[in-house]
Amino acid sequence: MYLPPHDPHVDDPMRFKPLFRIHLMERKCATVECMYGHKGPHNGHIQIVKKDEFSTKCNQTDHHRMSGGRQEEFRTWLREEWGRTLEDIFHEHMQELILMKFIYTSQYDNCLTYRRIYLPPSSPEDLIQPGLFKGTYGSHGLEIVMLSFHGKKAKGTKITGDPNIPAGQQTVEIDLAHPLQLPDIENLRDFSELSRIVLEVQEQVRREEQQQQQQEEEEHSQQAASQPASPLGGECAKGEETAAGAEGTTQDKASGSQPFVLPMGVISRNEDYPRTCRICFYGTGLIAGHGFTSPERTPGVFVLFDDDRFGFIWLELKSFSLYSRIKVSFQNAQAPSREAFDEMLKNIQSLAT
């Protein structure tokens, strides 16, 4: 298991923790050992569920328990997961979220199901190299997000989740067709000024979506009444050319840099964020109550710092998330095709919902 570094140090390397091991014996026989817990390896079991999926089960769960009971287990987990003690965490809401995470994860430490995850495919037109990133999520700590590109959209999908937004959900969506022109550095400190700019773009996006919907309805009505006047292939080629031109413009803008500072009142777990950025885009972030209740997409700002770091300002929460690339080399993780990757994204989102 690869664990993120301790909050909020997103630039630190990932941590490695063995969960099980297999001893291959003669005559196609093997033994499985569970590595979970603090009493050393013990008897376990592996079951192949279906293609790209398997489960592990511990046969000696008493090895997961500690002599000091749940309290000792919680304090040990807290040191390993967060690198601190409960006395170090003064915020009551944060204590509540951490306790919820411990209760949830410790319920399933004896039986785990694994599903294959593909790394996102890349293309020369991508803003940066897609991949896995560590990100700060306020009191939830660090979480793992997969950044992938889909034409004029970029998506950040949660690989690890929390009590509010589970793994598999699309935490952020970036509208690459709507870059944001930030105000000068002094005016950028004013949250109301940034909010005004973002909400204006949000209204523009809403109008464009309405116009596109109306246009599609009109075209559908015309096609129902008669045959289309021009071949469909010509229209597609024109659309692709326009998209390519927009991507080229975006790449040109991303090559420069501009001063950046968080507006006053925006909370950041990590104050060591870059003070220059390449380009910003309008985007939306997913927020919800505990248990993924009342989910909604809210406006925000995607900030590209460099090839390995980006940020997202959650406008409604007045919060900032900083993301740093995971530089672990995963073998055999490339998707066999774009279609296979898209299908995987749909599958992990359906599991989350």
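Computed from a predicted model, the values in this text were never measured in an experiment.

Cut-offs and rules
- Residues numbered from 1 in each chain as written.
- Predicted model: local features only at pLDDT ≥ 70, side-chain atom pairs only at ≥ 80, totals over all residues.
- Heavy atoms only, no water.
- Core = buried A, V, L, I, M, F, W, Y, C linked by side-chain atoms within 4.5 Å.
- Buried < 20%, exposed > 50% of the residue type's maximum accessible area, 1.4 Å probe, protein only.
- Helix = DSSP H or I, 4+ residues; strand = E, 2+ residues; numbered from the N terminus.
- Contact = heavy atoms within 4.5 Å.
- Phe/Tyr/Trp six-rings, centres within 6.5 Å; stacked < 30°, edge-to-face > 60°.
- Lys NZ or Arg CZ within 6 Å of the ring centre and 35° of its normal.
- 1 Å grid on protein atoms, 1.4 Å probe; cavity = no way out; pocket = protein on both sides within 12 Å on 5 of 7 lines; lining within 4 Å.
- Points joined across faces, edges and corners; volume = space filled by probe spheres on them.
- Domains from an automatic or database assignment.
- Buried area = accessible area lost by both parts, 1.4 Å probe.
- Salt bridge = Lys/Arg side-chain N within 4 Å of Asp/Glu carboxyl O.
- Nonpolar A, V, L, I, M, F, W, Y, C, P; charged D, E, K, R; others polar.

A. Highlighting the nonpolar core. Ranked by internal contacts, the top residues of the largest apolar core, which has 26 residues, are Leu180, Phe260, Val301, Ile313 and Phe320. Mapped by element, the contributors of at least two residues to this core are α4 (191–225), β15 (279–289), β16 (293–306) and β18 (319–325). Here this core takes 6 residues from α4, the largest share from any one element. What Val301 contacts, discounting residues up to four positions off in sequence, is Leu180, Leu194, Val198, Cys280, Phe281, Gly311, Phe312 and Ile313.

B. Molecular detail of the packing of aromatic side chains. The tally for this structure, following the rule as stated, stands at 19 aromatic pairs. Each ring, one from Phe305 and one from Phe320, has its centre 6.4 Å from the other, and the planes form 75°; the classification is edge-to-face. Residue Phe305 is located in strand β16, and its partner Phe320 is located in strand β18; the two are separated by 15 residues in the primary sequence. One aromatic cluster is present, built from ring pairs that chain together Phe133, Tyr137, Phe281, Phe302, Phe310, Phe312, Trp314 and Tyr323. Taking NZ or CZ as reference, Lys17 lies 5.0 Å from the ring centre of Tyr36, over its face. The cationic tip of Lys318 hangs over the ring face of Phe191; the distance from NZ or CZ to the ring centre is 4.7 Å.

C. Local environment of unusual backbone geometry. Cis geometry marks the peptide bond from Asp7 to Pro8, where omega comes out at 5°. Even without being glycine, Ser294 reaches a positive phi, approximately 50°. Its location among the elements puts Ser294 in strand β16. Phi angles above zero are rare outside glycine, and Asn332 is one such case at about 55°. The topology assignment puts Asn332 in the loop between β18 and α6 (338–352). The exposure class of Asn332 is exposed, given its relative accessible area of 72%.

D. How the structure looks around empty space enclosed by the protein. Tallied over the entire structure, the rule returns 2 cavities of 30 Å³ or more. Put simply, the largest cavity is a space of about 120 Å³. Forming the boundary of the largest cavity are 17 residues, of which Leu19, Phe20, Cys34, Thr56 and Lys57 lie nearest the centre. Those elements that place two or more of their residues in the lining of the largest cavity are β4 (30–34), β5 (42–50), β6 (53–58) and β7 (111–115).

E. Representation of the domain arrangement of the protein chain. What the domain assignment lists for the protein chain is domain 1 (2–115) and domain 2 (131–199 + 255–351). Centre-to-centre separation of domain 1 and domain 2, based on C-alpha positions: 27 Å. Each partner contributes to the interface: domain 1 provides 20 residues, whereas domain 2 provides 20 residues. Roughly 1800 Å² of surface becomes buried between domain 1 and domain 2 when both sides are summed, with 66% attributable to carbon and sulfur atoms. Looking at the side of domain 1 facing domain 2, the largest losses of area belong to Val10, Met14 and Leu97, adding up to 32% of the total buried there. The interface formed by domain 1 and domain 2 includes 1 salt bridge. For Arg269, the salt bridge goes to Asp7, with nearest N and O atoms at 2.3 Å. Top contributing element to the side of domain 1 that touches domain 2 by residue count: helix α2 (residues 92–107), with 6 residues. For the side of domain 1 that touches domain 2, the class distribution of residues is 10 nonpolar, 3 polar and 7 charged.

F. Geometry of the environment of Gly168. Within the element layout of this structure, Gly168 appears in the loop between β10 (153–158) and β11 (170–180). Distance from Gly168 to Met146, taken between C-alpha atoms, is 9.6 Å for residues 22 residues apart in sequence.

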